[in-house]
Amino acid sequence: MNPVESLFARNRSWASRHVAGDPSFFTRHIAGQKPHTLWLGCSDSRVAPELLTGSRIGELFVHRNIANMISQDDESLMSVLLYAVDVLNVTNIILCGHYGCGGVLAALKMKESAGLSACNPLERRVSALRQGLEADISGLGGCQCHADVADKLVEAHLRVQFERLQALPVVQQAWGQQQSLTLWGCVFDIGSGQLKELMRTHGRTEE
Ligand SMILES: [Zn+2]
């Protein structure tokens, strides 16, 4: 069977299984959504937010991109953030990176940032990621191939992106208006299935 045909078949089975156990399982969501959390994560196929958190329908509002990057120039990301914070009034934003992230590994392999000379969106993205990690990568010296080095860079990358997230006007304005909004920075370990919290802030007081 074509893999997409298989997906459709599994969808039909999933839908009928839930309706059999709970006739209003889907219809009760028709009126609208009230997710408590915005998930910002990597597009990696192994880091599926609803699966790894066991989320129910309507809990997570989700945006994913390569290497979970935060950029004010990213209109898609910024519109998701505005809608989540200003309209849906989510009370949490999870920024989730993951060990073994291809974007971070590609940045590590780059000799140096190609900057604007990069010739396609993917290269520009990896180049921007590399720029944010320049200090961490040069601090490694020659020893750049061990898995624990890559893991540390994934965490450093998350810290860089977390700082950018905190500094965004939409987040600062929410905090300025006393809106309840907690930011969580975490890393998913593909090998163990565990989500590890690295940092958390709800505005003025760090935890
Ligand atoms: Zn990734």
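## Things to note about the sheet that holds strand S2 (residues 60-65)
Backbone hydrogen bonds are what pair the strands of a sheet, in a parallel or an antiparallel way.
Alright, step 1. Spatially, 5 strands are ordered S2-S1-S3-S4-S5 in an open sheet, and the strand pairing comes out mixed. Sheet topology places S2 and strand S5 (194-201) at the edges, where each strand pairs with a single neighbour. Adjacent strand axes in the sheet meet at a mean angle of 20° when their direction is disregarded.
Alright, step 2. Against the sheet, helix H6 (residues 147-167) touches strand S3 (92-98), strand S4 (182-189) and S5, its axis set at about 155° to S3.

## Focus: the pairing of S4
Alright, step 1. Both S3 and S4 contribute to a ladder of 7 bridges, which runs parallel. What sits directly across from Ile93, in S4, is Leu183.
Alright, step 2. Here S4 hands over to S5 after 4 residues, with Gly193 in that stretch at a positive phi of 80°.

## Considerations on the nonpolar core
Alright, step 1. Ile93, Leu95, Val104 and Leu129 are the most contacted members of the largest nonpolar core, which totals 39 residues.
Alright, step 2. Of all the elements, H6 adds the most residues to this core, at 5 residues.
Alright, step 3. When residues no more than four places from it in sequence are discounted, the contact partners of Ile93 are Leu38, Leu40, Leu165, Leu181 and Leu183.

## Description of the packing of helix H5 (residues 121-138) against H6
Alright, step 1. Running from amino to carboxyl end, H5 crosses H6 at an angle of 115°, the nearest separation of the two axes being 10 Å. Regarding H5 and H6, the two cross each other, and that crossing is right-handed. Each of Leu129, Gly132, Leu133 and Asp136 in H5 lies in contact with H6, whose residues at this interface are Leu153, Ala156, His157 and Val160.
Alright, step 2. Residue composition of the contact of H5 with H6, grouped by class: 5 nonpolar, 2 polar and 1 charged.

## Details of the domain arrangement of the protein
Alright, step 1. With domains assigned, the protein is organised as domain 1 (1-32) and domain 2 (36-201).
Alright, step 2. The centre of domain 1, based on its C-alpha atoms, is set 30 Å off from the matching centre of domain 2.

## A word on the packing of helix H4 (residues 102-109) against H6
For any two helices packed against each other, the geometry is given by the interaxial angle and the distance between the axes.
Alright, step 1. Contact pair H4 / H6: the axes reach a minimum separation of 10 Å and the direction vectors enclose 110°. Between H4 and H6, the angle is such that the two are roughly perpendicular. Residues Val104, Leu105 and Leu108 of H4 form the contact with H6, whose own contacting residues are Ala150, Leu153, Val154 and His157.
Alright, step 2. A per-class count over the contact of H4 with H6 returns 6 nonpolar, 1 polar and no charged.

## A word on the environment of Ser55
Alright, step 1. With respect to the secondary-structure elements, Ser55 resides in the loop between helix H2 (49-53) and S2.
Alright, step 2. Residue Ser55 is classed as partly exposed on the basis of its C-beta count, with 17 C-beta atoms lying within 10 Å.
Alright, step 3. Aside from chain neighbours lying at most four places away, what touches Ser55 is Pro49, Glu50 and Leu60.

## So, the environment of Gly193
Alright, step 1. If you trace the backbone, Gly193 turns up in the loop between S4 and S5.
Alright, step 2. Taking the C-alpha atoms as reference, Gly193 lies 32 Å from Pro23; in sequence the two are 170 residues apart.

## Looking at unusual backbone geometry
Alright, step 1. Its identity is not glycine, yet Asn68 carries a phi of approximately 40°, on the positive side.
Alright, step 2. Structurally, Asn68 is set in the loop between S2 and helix H3 (75-87).
Alright, step 3. Here Asn68 falls in the buried class, since 31 other C-beta atoms lie within 10 Å of it.
Alright, step 4. Positive phi is not limited to glycine here, since Gln178 has a value of about 60°.
Alright, step 5. Of note, Gln178 is situated in the loop between helix H7 (169-176) and S4.
Alright, step 6. In this structure Gln178 comes out as exposed when scored by C-beta crowding, with 8 C-beta atoms within 10 Å.

## Let's talk about the pairing of strand S1 (residues 37-42)
Alright, step 1. Across the 6 residues of S1, 6 count as buried, placing the element largely inside the fold.
Alright, step 2. With 6 bridges connecting them, S1 and S2 associate as parallel partners. Within S2, the position partnered with Trp39 by the bridge is Val62.
Alright, step 3. Bridge analysis of S1 against S3 gives 5 bridges, and the strand direction is parallel.

Each value, and the rule that gives it
Residues numbered from 1 in each chain as written. Predicted model: local features only at pLDDT ≥ 70, side-chain atom pairs only at ≥ 80, totals over all residues. Pairing = 2+ DSSP bridges. Helix = DSSP H or I, 4+ residues; strand = E, 2+ residues; numbered from the N terminus. Axes fitted to C-alpha atoms, helices over the stretch in contact; angles between N-to-C directions. Contact = placed C-beta atoms within 7 Å. Core = buried A, V, L, I, M, F, W, Y, C linked by C-beta atoms within 7 Å. Buried ≥ 20, exposed ≤ 12 C-beta atoms within 10 Å, placed from the backbone. Left-handed = near helix turned anticlockwise from the far one by under 90°. Nonpolar A, V, L, I, M, F, W, Y, C, P; charged D, E, K, R; others polar. Domains from an automatic or database assignment. Parallel < 35°, antiparallel > 145°, perpendicular 65-115°, else oblique.

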